[in-house]
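Chain and residue survey
The primary structure of each chain is shown beneath.
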Amino acid sequence: EFIGAGLDTDSGDPRITKVGARLRALSIDELPQLINVLVGDMSLVGPRPTLRDQVERYTPEQRRRLRARPGITGLAQISGRSTLPWSHRIIIDVHYVDNWSMRLDLAILLRTIPALLRKHETYPGGIEEVDLG
């Protein structure tokens with residue numbers, strides 16, 4: 001089922017293997033995306049990649065978040081991760097796009113480590129539905 005930033009994955013999701021659960025618990029399941037950074041498809045910092053179904057339903061304002069290259073971490077991730085409704089994450093991403101600077105990227109990178117340690121923000125736990133409005 002589509003939810004939040006992608007497919008709904010709760011802590012007991014049967015699709016997550018034991019190794020995958022450990023990687024998620026350590027918040028390092030995104031590390032393979034470094035290859036995407038190296039080839040230039042992603043950035044270290046930027047809005048999280050979005051599913052095509054979601055983009056097709058974006059308003060013109062929400063589409064502004066697509067002006068930045070997708071990132072492994074971003075302003076929305078350090079501002080609450082999956083505790084935030086998807087519509088709020090989009091607002092934060094648009095703010096990031098409108099206010100981008102090297103200084104902002106550095107601040108986001110520095111705040112990513114503590115955000116990764118806040119395990120209670122890793123899974124949405126069914127608190128959100130797709131909300132693009």
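Preceding this paragraph is the structure being described.
So, here's what we can say about the structure. Predicted model, so just to flag it, every value in this text is computed and none were measured.

Description of the nonpolar core
- Core analysis: the largest hydrophobic core is formed by 10 residues, namely Val45, Leu75, Ala76, Ile78, Leu84, Ile92, Tyr96, Val97, Ile108 and Ala115.
- Elements represented by at least two residues in this core include exactly helix H5 (75-78), helix H6 (86-98) and helix H7 (102-117).
- The residues touching Val45, leaving out its near neighbours within four places in the chain, are Arg69, Gly71, Thr73, Gly74, Tyr96, Asp105, Ile108 and Leu109.

What about the pattern of salt bridges?
- A complete count under the given rule lists 3 salt bridges for this structure.
- Of the charged contacts in the structure, one is a salt bridge between Asp98 and Arg64, with a shortest N-O distance of 2.2 Å. Highlighted residues: Asp98 in helix H6 and Arg64 in the loop between helix H4 (60-63) and strand E4 (71-73), separated in sequence by 34 residues.
- Between Arg65 and Asp93 there is a salt bridge whose closest N-O contact spans 2.5 Å.

Let's talk about H6
- A rise of 1.5 Å per residue sets the reference length of H6, with its 13 residues, at 18 Å; its end C-alpha atoms lie 18 Å apart and thus fit the reference within 8%.
- Every buried residue of H6 is listed here: Trp86, Ser87, Arg89, Ile90, Ile92, Asp93, Val94, Tyr96 and Val97.
- Against the buried residues of H6 lie strand E3 (43-45), helix H3 (52-56), H4, H5 and H7.

A word on H7
- With 16 residues, H7 extends 24 Å from end C-alpha to end C-alpha; this agrees with the ideal 22 Å at 1.5 Å per step.
- Roughly 30° is the biggest bend found in H7, and it falls at Arg111, with proline Pro114 one to four residues downstream.
- Restricting attention to buried positions, one finds in H7 the residues Asp105, Ile108, Thr112 and Ala115.
- In this structure, the buried side of H7 is in contact with E3, E4, H5 and H6.

Let's talk about the environment of Ser79
- Of note, Ser79 is situated in the loop between H5 and H6.
- On the basis of relative accessibility, which here comes to 35%, the residue Ser79 falls in the partly exposed class.
- Residues Ser79 and Arg111, 32 residues apart in the sequence, show an inter-C-alpha distance of 9.3 Å.
- Apart from the residues within four sequence positions on either side, Ser79 is in contact with Leu84 and Ile92.
- Within the structure, the side chain of Ser79 is placed 2.6 Å from the backbone oxygen of Leu75, a separation counted as a polar contact.

Analysis parameters
- Residues numbered from 1 in each chain as written.
- Predicted model: local features only at pLDDT ≥ 70, side-chain atom pairs only at ≥ 80, totals over all residues.
- Heavy atoms only, no water.
- Core = buried A, V, L, I, M, F, W, Y, C linked by side-chain atoms within 4.5 Å.
- Buried < 20%, exposed > 50% of the residue type's maximum accessible area, 1.4 Å probe, protein only.
- Helix = DSSP H or I, 4+ residues; strand = E, 2+ residues; numbered from the N terminus.
- Contact = heavy atoms within 4.5 Å.
- Salt bridge = Lys/Arg side-chain N within 4 Å of Asp/Glu carboxyl O.
- Expected span 1.5 Å × (residues − 1).
- Bend = angle between axes of the 7 residues up to and from the residue.
- Polar contact = N/O pair within 3.5 Å; in protein donor to acceptor, adjacent residues only side chain to side chain.

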